[in-house]
Amino acid sequence: MSDAELVLRSTRVITPEGTRAATVAVSAGTIKAVLPYDAEVPAGARVEDVGDHVLLPGLIDTHVHVNDPGRTEWEGFWTATRAAAAGGITTLIDMPLNSLPPTTTVQHLRIKRDVARDKAHIDVGFWGGALPDNVKDLRPLHEAGVFGFKAFLSPSGVDEFPHLDQERLAVSLAEIAGFDGLLIVHAEDPHHLAAAPQHGGPRYADFLASRPRDAEDTAIAALIAQARRLGARVHVLHLSSGDALPLIRAARAEGVRLTVETCPHYLTLTAEEVPDGASEFKCCPPIREAANQDLLWEALADGTIDCVVTDHSPSTADLKTTDFATAWGGISGLQLSLSAVWTEARRRGHTLEDVVTWMSARTAALAGLDGRKGAIAPGRDADFAVLAPDETFTVDPAGLQHRNRVTAYAGRTLHGVVKSTWLRGRRVYADGEFTPPRGMLLDRPR
């Protein structure tokens, strides 16, 4: 490591081979070597010894609604990427909707990139959108560098991003399969949603009944059938229904090219604890019962669910009304996702290595970034989080970096304090302080 400019040391470094005491050598923003803890430091290299804190690869969150431009009062690249950095996230991929315009043409992608370029504290990539009328735009967006395409199978909640019916899903998926792209899908069936009781009002039980598990299960079954027929790559977003897991296991066993994510709020919050009128807990699909949560954890453990991402989807506080039918549906979780997942994972007997697998290695693989990110290994970007895993803190919304500090985690005591975050060998966050934006805009690897 004679050319190393930076050396990081920890008694606990999470590597693909396991956790061990190690010295990590960095040059030109890239990990050059992972060496024994007592390896000799070359002359001129700066040494950062983090002691017994855990050095882990920066997290990669592939499901974030930044809402910029157009609804920047909901979030924005400046605040979203600061919140991410404070939570140990070094790469996020922005969803194509809730911004105006949505990322559904190459021109719209250019607008979004121009807005993000000078505001990103971490690396940022972009999903494109698949709409009923933009099939002609899918290949150009793919060639312009989007990581894949988001589609809804039921109404999205914003008029400018309509959902795909089964006929349009088939057309869009055939086009995407033609260039071996990836379709990521909000899978709820609109007919099952329409048939569910719609009472409105403040009772969480009524809202939960309005988004039944069979709406997810039916939509996932239809998506699997289309993917099987076309040999297409598909990804199920924010799985909340444990009842869909047998369908997913069977499809994967027969070779359907299917991956699945879930979210921290489904793994750490339960329907039984949601107070009536507390729409900071509202999301779609909804937070379900504790018994359902156990099924999601089992599926994470056996690999049926690939990864954990936030689906960070904030709004202004006034849209979080006490009526669950009309309140904006979205959980703000960027800054807290690592700590929230780790808190529940450790209670259930999982390790930090498991959390890194779900929130860094596999999300890197989903985005095709696993040759560059997602592990502390030679040749990867020198993106790190330094975590004190046994320290606790109580969530105070005033301490969050999100533009709108509404959170379902308020008042919860969480394990795992992020001490610092590093992007390509440069510290971008430490103990509540941030450097100027240093993030890069990422294209899908070619």
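The paragraphs below set out a description of the structure included in this document.

## Section: the overall build of the protein
Part 1 of the argument: A tally of helices and strands in the protein yields 12 helices and 18 strands.
Part 2 of the argument: A compact globule built from 446 residues would reach a C-alpha radius of gyration of about 22 Å, and the protein, at 21 Å, matches this within 12%.
Part 3 of the argument: Of all 446 residues assigned to the protein, the portion counted as buried reaches 61%.
Part 4 of the argument: By element, 50% of the accessible surface of the protein is carried by carbon and sulfur atoms, the whole surface being about 15600 Å².

## Focus: unusual backbone geometry
Part 1 of the argument: Here the bond from Asp-68 into Pro-69 is cis, since omega is 5°, no more than 30 degrees from zero.
Part 2 of the argument: Examined against the element boundaries, Pro-69 turns out to sit in the loop between β6 (59-64) and α1 (77-86).
Part 3 of the argument: The residue after Cys-284, namely Pro-285, is reached through a cis peptide bond having omega -5°.
Part 4 of the argument: Among the structural elements, Pro-285 can be located in the loop between α9 (264-268) and α10 (290-302).
Part 5 of the argument: Non-glycine residue Asn-67 carries a positive phi angle of around 70°.

## Notes on helix α11 (residues 337-347)
Part 1 of the argument: In terms of burial, α11 is a largely internal element, 9 of the 11 residues being buried.
Part 2 of the argument: Those residues of α11 that fall on the buried side of the exposure criterion are Ser-337, Leu-338, Ser-339, Ala-340, Val-341, Trp-342, Thr-343, Glu-344 and Ala-345.
Part 3 of the argument: After α11 finishes, the residue Gly-349 shows a positive phi value of roughly 90°.

## Remarks on the sheet that holds strand β7 (residues 89-94)
Part 1 of the argument: One open sheet accounts for 3 strands, arranged β6-β7-β8; its pairing is parallel. For this open sheet the edge positions go to β6 and β8 (123-126), each flanked by a neighbour on one side alone. For this sheet the average axis-to-axis angle between neighbouring strands, irrespective of direction, equals 20°.

## Regarding the side chain of Glu-188
Part 1 of the argument: Relative to the elements of secondary structure, Glu-188 occurs in the loop between β11 (182-186) and α5 (190-195).
Part 2 of the argument: Here His-186 takes part through its side chain, which lies 2.7 Å from a polar atom of the side chain of Glu-188.
Part 3 of the argument: Not counting chain neighbours up to four residues away, the residues in contact with Glu-188 comprise Leu-153, Ser-154, Leu-193, Arg-211, Ala-215, Glu-216, Ala-219, Cys-284 and Pro-285.

## A few points about the packing of helix α7 (residues 213-230) against helix α8 (residues 245-253)
Part 1 of the argument: At a closest axis distance of 10 Å, the pairing of α7 and α8 adopts a crossing angle of 10°. On the basis of the axis angle, α7 is roughly parallel to α8. For the pair formed by α7 and α8, the contact residues are Asp-217, Ile-220, Ala-221 and Ile-224 on the first element and Leu-247, Ile-248 and Ala-251 on the second.
Part 2 of the argument: The residue makeup of the contact of α7 with α8, split by class, is 6 nonpolar, no polar and 1 charged.

## Here's the deal with the layout of surface pockets
Part 1 of the argument: Considered as a void within the structure, the largest pocket measures approximately 610 Å³ in volume.
Part 2 of the argument: Around the largest pocket, the lining is made up of 34 residues, and of these Arg-211, Lys-282, Cys-284, Ala-327 and Gly-329 lie nearest the centre.
Part 3 of the argument: At the level of elements, β10 (149-152) and α6 (204-210) are the ones that each hand at least two residues to the lining of the largest pocket.
Part 4 of the argument: When residues in the lining of the largest pocket are grouped by element, the largest group, 3 residues, is from α6.
Part 5 of the argument: Each residue belonging to the lining of the largest pocket can be placed in one class, and the counts come to 13 nonpolar, 15 polar and 6 charged.

## Considering the pattern of salt bridges
Part 1 of the argument: For the structure on display, the rule yields 29 salt bridges.
Part 2 of the argument: Note that Lys-136 is salt-bridged to Asp-137, the shortest N-O span being 3.4 Å.
Part 3 of the argument: If you follow the salt bridges from partner to partner, you end up with Asp-123, Arg-372, Lys-373, Asp-381, Asp-383 and Arg-424 in one network.

## Here we look at the environment of Asn-98
Part 1 of the argument: Along the polypeptide, Asn-98 turns up in the loop between β7 and α2 (106-116).
Part 2 of the argument: According to the relative accessible area criterion, Asn-98 is buried, its value standing at 2%.
Part 3 of the argument: Put simply, Asn-98 and Pro-140 are 42 residues apart on the chain and 21 Å apart in space, counted from C-alpha to C-alpha.
Part 4 of the argument: Residues contacting Asn-98, with those up to four places away along its chain left out, are His-65, Asn-67, Arg-71, Val-158, Ser-313 and Trp-328.

## Quick word on the side chain of His-265
Part 1 of the argument: The residue His-265 is located in helix α9 in this model.
Part 2 of the argument: By relative accessible area, His-265 is classed as buried at 1%.
Part 3 of the argument: Residues within four places of His-265 in sequence aside, it is in contact with Cys-283, Ile-287, Thr-310, Asp-311, Ile-331 and Tyr-409.

## Points about the packing of aromatic side chains
Any two aromatic rings considered together are summarised by their centre-to-centre distance and by the angle between their planes.
Part 1 of the argument: In the structure shown here, the tally under the stated rule is 10 aromatic pairs.
Part 2 of the argument: Measuring from centroid to centroid gives 6.4 Å for Trp-127 and Phe-147, while their planes differ by 70°, and the two rings are edge-to-face. Of this pair, Trp-127 sits in the loop between β8 and β9 (128-129) while Phe-147 sits in the loop between α3 (135-144) and β10, and the two are 20 residues apart along the sequence. Each of the two residues, Trp-127 as well as Phe-147, counts as buried.
Part 3 of the argument: Judged by centre distance (5.8 Å) and plane angle (70°), the ring pair of Trp-297 and Trp-358 falls under edge-to-face. Here the residue Trp-297 occupies a position in helix α10, and Trp-358 occupies one in helix α12 (residues 352-366), the gap between them amounting to 61 residues. A single burial state applies to Trp-297 and to Trp-358, both of which are buried.

## With respect to α7
Residue pairs three or four apart in sequence face the same way in an α-helix, which turns once every 3.6 residues.
Part 1 of the argument: Over its 18 residues, α7 extends 26 Å from the first C-alpha to the last, a length consistent with the 26 Å expected when each residue adds 1.5 Å.
Part 2 of the argument: What α7 keeps buried is the set Ala-215, Glu-216, Asp-217, Ala-219, Ile-220, Leu-223, Ile-224, Gln-226 and Ala-227.
Part 3 of the argument: Here the buried face of α7 lies against α4 (166-178), β11, α5, β12 (233-236), α8 and β13 (257-262).
Part 4 of the argument: Where α7 ends, the next residue or the one after it, Gly-231, has phi of about 65°, a positive value.

What counts, and where the lines are drawn
- Residues numbered from 1 in each chain as written.
- Predicted model: local features only at pLDDT ≥ 70, side-chain atom pairs only at ≥ 80, totals over all residues.
- Heavy atoms only, no water.
- Helix = DSSP H or I, 4+ residues; strand = E, 2+ residues; numbered from the N terminus.
- Rg over C-alpha atoms; globule rule 2.2 N^0.38 Å.
- Buried < 20%, exposed > 50% of the residue type's maximum accessible area, 1.4 Å probe, protein only.
- Areas by Shrake-Rupley, 256 points an atom, 1.4 Å probe, with all protein chains shown as cover.
- Pairing = 2+ DSSP bridges.
- Axes fitted to C-alpha atoms, helices over the stretch in contact; angles between N-to-C directions.
- Polar contact = N/O pair within 3.5 Å; in protein donor to acceptor, adjacent residues only side chain to side chain.
- Contact = heavy atoms within 4.5 Å.
- Parallel < 35°, antiparallel > 145°, perpendicular 65-115°, else oblique.
- Nonpolar A, V, L, I, M, F, W, Y, C, P; charged D, E, K, R; others polar.
- 1 Å grid on protein atoms, 1.4 Å probe; cavity = no way out; pocket = protein on both sides within 12 Å on 5 of 7 lines; lining within 4 Å.
- Points joined across faces, edges and corners; volume = space filled by probe spheres on them.
- Salt bridge = Lys/Arg side-chain N within 4 Å of Asp/Glu carboxyl O.
- Phe/Tyr/Trp six-rings, centres within 6.5 Å; stacked < 30°, edge-to-face > 60°.
- Expected span 1.5 Å × (residues − 1).

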